[in-house]
Amino acid sequence: MRSFSYEKATDPAAAAARAAEVEGAKFVAGGTNLLDLMKLEIETPVHLIDVNGLGLDRIGETEEGGLRIGTLVSNTALMADARVRRDYPVLTRAIAAGASGQLRNKATTGGNLLQRTRCPYFYDTAQPCNKRVPGSGCSALAEGGFSRQLGIIGTSDSCIATHPSDMAVAMRVLDATVETVTPAGMTRRIPLGEFHLLPGDTPERETALMPGELITAVTLPAPVGGVQRYHKARDRASYAFALVSVALIRQPDGSGRVALGGVAPRPWRSAEADAELPDGAHAVMARLLDGARPTEENAFKITLAERTLAAMLAEE
Amino acid sequence: MEFNQPAGENTLFDGGRVVGKPHRRVEGPLKVAGVAPYAYERHDVVAGQLYGYPLGAGIAHGRIRSIDAGAARAAPGVRAVVTALDIEPLDIWDYNVARLFGGDVVEHYHQAIAVVVAESFEQARAAAALIEVDYAPGDPADYDLDAAFRRLEGTGEPGTLVGDVEAAFRDAAAVVDQMYHTPSQSHMMMEPHASVVDWSDGGEMTVWTSNQMIAWNRQALATTFGIDPERIRVESPYVGGGFGGKLWLRADAVLAAIGSREVGAPVKLALPRPFMMNNTTHRSATVQRIRLAAGPDGKLKGIWHEAASHSLPGGRGENPTAQTPFFYGTETMRVQNHVVDMKLPESSDMRAPGEASGLMALEIAMDEMAEALGMDPVRFRIVNDTQVNPSNPEQPFSERHFVECLERGAEAFGWETRNTTPGGTRDGQWLVGHGVAGAFRGALLMPSGARAVLEGGRLVVETDMTDIGTGSYTILGQTAAEVMGLPMEAVEMRLANSAFPVSSGSGGQFGAASSTAGVYAACMALRERIAGHLGVEDPEFRDGRVIAGNTNMALAELEGQIEAVDSMEWGDFQSRYQMSTFGAHFVEVGVHAATGEVRVRRMLAVVDSGRILNPVTARSQLIGAMTMGVGAALSEEMALDTAKGMFANHDLAGYEVAVHADIPEQEVIFLDTLDGVASPLKAKGVGELGLCGVAAALANAVYNATGVRVRDYPVTLDKIIGGLPAI
């Protein structure tokens, strides 16, 4: 690990200003991903701003009847919250499907959204990776590359990495909004669907956050009801990233929403695909995965996504 | 002592009060309290330890033009950097083929090419990242094992040839002819390879390490560095898993030794987790073609097994035909194994080398043949049992109770009540299936010695045997207590130190039978010493006392220290027998009808492996092996990047072993057969047998659940999903 300086932040706006001012600064909360990446020198911040003391660890109610989840609320606390379990069960189910108990105890809401991809080549500093070293090439897309876990849609010729979060997939289907404070002290609200960027030619740029901008909360709109499910298909029963995950909210009239994990650089959802839900899984996926560009190794994800959704729809 | 005739009935072990009885792991409390020191935690053994960190090659093969370690040497806390170009290529000891360090040739990805020694671990790691290497990569290499198999098929002399196989296939009532694939597998033991080495003065070398074979390790160090083994001391009292990955000297100890000599201080070094994939050894992938021919009565007329695996030049690869000459009776047989040179990390032994991969394929083929014949797969295996070595009918098995394993297992599992129609049982969203497979593994033995010292009624037994999580401390203590008539509490086992008599070590499931025999030999020698001391003949040792004629005294009353050293050597008579271990695995799986996710519901193993020395530690071996078999069946695969010549998944997130949630109810039945040919304790090993056949039982259960026959491991959902019913 390269040497770095460290400070504890006491005020969100001041923390954001400080992060913008110090070149190479990063926030640290649970550290479940950042510290691993620092050990491997994939992340090399020169200054860490510890945000754990900011008091943003509460779940409150919004004026609109939704929830405002402080960025430091742990995954464990969020999934266990009685309001979340009652009104947003897809979120509880998704978080429970992720990582392990120990990691969920440390991982925070904002940090979960900011975790980096698990593409194996991203982690091997001896190998080309456009996300890690822009312009160095994509090992996963290169001849002979290993891509079974990686993305099939929203990807580009420079990167096919997926965003690994389960929590974010549920938040996407719930129309969550990311709330931030900018270095200038302004509050900004970013719909989760616009929060993660597609890679294009710049896979190293992953979110809509500006330099220094700090996530302070994630808000959920008023509960939408319906039957809410999350199915994470994976090779082992626990502690594995999704091959495909499906978050589903289905209303009694057959309408609803669908978001996918494990297939794209961000939780994958579209209004057009949602509109197809009354016509079944095939119709939804024909829209949602239209334009998919899988590799030979991960083409099964298209079938898997459709069959997973079909089973969820048949479950009631 | 030489074991030169079968063990007959004896009161010592057949009427044992300690051996064969359940006994909790004696070092368990130390382990759960975190005070059993593993190699990297030996902070107290020598002062002034520095930290080493390795640099692995970033290419699969080629040469190193230059290494610039200037920035690393100037980095904070760095005491030394030694690169592969700074020293001559080190020698290579027996059994291994890849060079551990030195010279400009890169033979495989992550081969060690530099070591940094610094005052802290973080400083060493950071400095290693500053080393700049200029490579001259080799030409693109061929990593296509299937193509290699097609080229080699039918070439060379078969390893085993019995009768006219081709004729048998012509006349058969049913034939199976399929290709099977097993992927490369990593040992992925929890504790990585780690060592503390003190070679400060370049003279005496002390190595605190994590290794299965102390004497091999010492000799390998001596050969590697060209020094007298007498100058080397090796200790490895606790090992956090080995599975064959720690049979060998690895780069951790070599780099720590080089670093220690360079800086004149002890150095500790652990291999980072990614090194386990590409720096250390692994089990090779296999390609196997299996042909079976059977008559209308279900009797096998021919077994034709041909296979290929990969290795660096001169290596052994993985021989998946290992069990085939011995397992099933057949009129004819042709068995052939090919090892293909590939510029990949060194492939070598992993738990049940050969049989583990071979039975993954053969036991699917047996299931396919049973189906072709319309026979129950349990019955089909029973029909093809043999009591003599099928490739050498003059040679009987010492003991073989395979049929009893199948019958007991079928009864305990409720095999008869299963639905025999593939895809015929549904439980909600899950398709439920049942599978069976046979298990076979050789019962190897190695010479094994020990020293027994009695003083004040307490017995100390020293041997360089290791306990790699298997229970050696416990079963050896039980053996010593039994022979000396002492309670377990009066026995102290001291293991895994090269200052102690050479033992079998832990590997090839030879450890338990061999090392308990060695302790038996030493304790019997001690009994003779005591008898001589007291001037009595054939004394009895029980309840902490020695009794003969008018003599009846507590061992605690014997004056001074009485010591005996002996080892067990194995007589020629054993070659008259085929000694093996047997088992049967039964599993129930659920396959998600939509996604193809496979989840195990219950597992049962029935084991025929001689006397079970301790049912607690033996069961632990079995359920651990069954768990490993679940990983092998469903998720474990080293993902080969076929252009880069390296395994791309590199940690426990990318190389998926089974986790708790994957493992349901596991049941183990020990037949507790006694094999007097095998050892004085009539014992054989169980640690590798438990893995053999597990994966095939799962694959067969997946077939029964879904009707999808997967012959290409791991059995992941993408290979099943195309054959699942519409939703």
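Residues numbered from 1 in each chain as written. Chains lettered and ligands numbered in written order. Predicted model: local features only at pLDDT ≥ 70, side-chain atom pairs only at ≥ 80, totals over all residues. Heavy atoms only, no water.

Participant: Describe the overall build of chain A, with residues and values.
Facilitator: Broken down by element type, chain A carries 13 helices and 11 strands. A globule of 316 residues ought to have a C-alpha radius of gyration of about 20 Å, and chain A, at 19 Å, matches this closely. Its C-alpha atoms put chain A at 55 × 55 × 30 Å along the principal axes. Taking all 316 residues of chain A together, the buried fraction comes to 59%. When contacts within chain A are restricted to residue pairs at least 6 apart in sequence, long-range pairs at least 24 apart make up 63% of them. Accessible surface for chain A amounts to roughly 12,500 Å². Of this, 49% is attributable to carbon and sulfur atoms. The average position of the 34 basic charges and that of the 37 acidic charges among the side chains of chain A differ by 5 Å. (Helix = DSSP H or I, 4+ residues; strand = E, 2+ residues; numbered from the N terminus. Rg over C-alpha atoms; globule rule 2.2 N^0.38 Å. Buried < 20%, exposed > 50% of the residue type's maximum accessible area, 1.4 Å probe, protein only. Contact = heavy atoms within 4.5 Å. Areas by Shrake-Rupley, 256 points an atom, 1.4 Å probe, with all protein chains shown as cover. Lys, Arg positive; Asp, Glu negative; His and termini not counted. Charge placed at Lys NZ, Arg CZ, Asp CG, Glu CD.)

Participant: So what's going on with the packing of helix α11 (residues 355-373) of chain B against helix α17 (residues 694-706) of chain B? Which residues, and what values?
Facilitator: Residues and elements named next belong to chain B. For the pair α11 and α17, the least separation of the axes is 8 Å and the interaxial angle reads 40°. The chirality of how α11 crosses α17 is right-handed. Here α11 contributes Leu-359, Met-360, Glu-363, Ile-364, Asp-367 and Glu-371 to the contact with α17, which in turn contributes Ala-695, Ala-696, Ala-699, Asn-700 and Tyr-703. Broken down by class, the residue content of the contact of α11 with α17 amounts to seven nonpolar, one polar and three charged. (Axes fitted to C-alpha atoms, helices over the stretch in contact; angles between N-to-C directions. Left-handed = near helix turned anticlockwise from the far one by under 90°. Nonpolar A, V, L, I, M, F, W, Y, C, P; charged D, E, K, R; others polar.)

Participant: For helix α5 (residues 89-96) of chain A, give the residues involved together with the corresponding values.
Facilitator: In terms of burial, α5(A) is a largely internal element, six of the eight residues being buried. For α5(A), every residue scored as buried is listed here: A:Pro89, A:Val90, A:Leu91, A:Thr92, A:Ala94 and A:Ile95.

Participant: Requested: an account of the pairing of strand β6 (residues 112-118) of chain B, with residues and values cited.
Facilitator: Residues and elements named next belong to chain B. Counting buried positions along β6 yields seven of seven residues, so the element is predominantly enclosed. For strand β2 (residues 50-56) and β6, the ladder comprises six bridges, and the chain directions are antiparallel. Along β6, the bridge assignment pairs Gly-52 with Val-117. Here five bridges tie strand β4 (residues 78-83) to β6, and the two strands are oriented antiparallel to one another. Each residue of the ladder has a partner; that of Val-78, found in β6, is Ala-118. (Pairing = 2+ DSSP bridges.)

Participant: Which residues make up the packing of aromatic side chains, and what values do they have?
Facilitator: According to the stated counting rule, one finds 24 aromatic pairs over all chains in the structure shown. Taking 5.7 Å as the distance between ring centres and 80° as the angle between the ring planes, the aromatic pair formed by A:Phe122 and A:Tyr123 counts as edge-to-face. A:Phe122 sits in the buried class, given a relative accessible area of 1%. These aromatic residues form a ring-pair network of at least three members: B:Phe326, B:Phe327, B:Tyr328, B:Phe397, B:Phe402, B:Phe440 and B:Phe582. One cation-aromatic arrangement involves B:Arg602 over B:Phe413; the distance from NZ or CZ to the ring centre is 3.9 Å. Between the NZ or CZ atom of B:Arg709 and the centre of the ring of B:Tyr703, over which it lies, the distance is 3.8 Å. (Phe/Tyr/Trp six-rings, centres within 6.5 Å; stacked < 30°, edge-to-face > 60°. Lys NZ or Arg CZ within 6 Å of the ring centre and 35° of its normal.)

Participant: So, the interface of chain B and chain A: which residues are in play, and what are the values?
Facilitator: With 40 residues of chain B in contact, the opposing surface of chain A contributes 39 residues. A buried area of about 3,100 Å², summed over both sides, lies between chain B and chain A, and 56% of it is on carbon and sulfur atoms. Across the chain B-chain A interface, the total number found is two salt bridges. When the shortest N-O distance is used, the salt bridge between A:Arg148 and B:Asp718 registers 2.9 Å. Our count for the contact surface shared by chain B and chain A stands at 18 residue pairs in polar contact (both at pLDDT 80 or more). For the side of chain B that touches chain A, the class distribution of residues is 22 nonpolar, nine polar and nine charged. (Buried area = accessible area lost by both parts, 1.4 Å probe. Salt bridge = Lys/Arg side-chain N within 4 Å of Asp/Glu carboxyl O. Polar contact = N/O pair within 3.5 Å; in protein donor to acceptor, adjacent residues only side chain to side chain.)

Participant: Can you explain the state of the cysteines? Please cite residues and give values.
Facilitator: Residues and elements named next belong to chain A. Scanning the model with the defined rule gives zero disulfides over all chains in all. Cys-129 takes part in no disulfide bond, and the closest cysteine sulfur, belonging to Cys-119, lies 6.1 Å away. A residue is classified by how much of its surface remains accessible, and Cys-129, at 8% relative accessible area, is buried. Free of any disulfide, Cys-138 has its nearest neighbouring cysteine sulfur in Cys-159, separated by 6.0 Å. With a relative accessible area of 19%, Cys-138 lands in the buried category. (Disulfide = S-S within 2.5 Å.)

Participant: Before we move on, could you go through the sheet that holds strand β14 (residues 286-294) of chain B and cite the residues and values that matter?
Facilitator: All names here are of chain B. Taken in spatial order, the five strands line up as β8-β16-β15-β14-β9 in an open sheet, and their pairing is mixed. Looking at which strands have only one partner, the edges of the open sheet turn out to be β8 (160-162) and β9 (174-182). Here the strands of the sheet are splayed against their neighbours by 10° on average, with no regard to which way each runs. Pairing between β8 and strand β16 (residues 332-341): three bridges, direction antiparallel.

Participant: Outline a negative patch on the surface, supporting the account with residue identities and numerical values.
Facilitator: On the surface, a cluster of negative charge is contributed by A:Glu296, A:Glu297, B:Glu637 and B:Asp712. Within the element layout of this structure, B:Glu637 appears in the loop between α16 (615-634) and β28 (640-641). Among the residues examined, B:Glu637 registers a relative accessible area of 34% and is labelled partly exposed. (Patch = residues over 30% accessible without salt bridge, like charges linked within 9 Å, V, L, I, M, F, W, Y side chains within 5 Å.)

Participant: Break down empty space enclosed by the protein for me, with residues and values.
Facilitator: All names here are of chain A. Per the stated rule, a full pass over the model turns up 10 cavities of 30 Å³ or more. Approximately 90 Å³ is the volume attributed to the largest cavity. As for the largest cavity, its lining consists of 15 residues, of which Cys-119, Cys-129, Asn-130, Cys-138 and Cys-159 are closest to the centre. For the lining of the largest cavity, the class distribution of residues is nine nonpolar, five polar and one charged. (1 Å grid on protein atoms, 1.4 Å probe; cavity = no way out; pocket = protein on both sides within 12 Å on 5 of 7 lines; lining within 4 Å. Points joined across faces, edges and corners; volume = space filled by probe spheres on them.)

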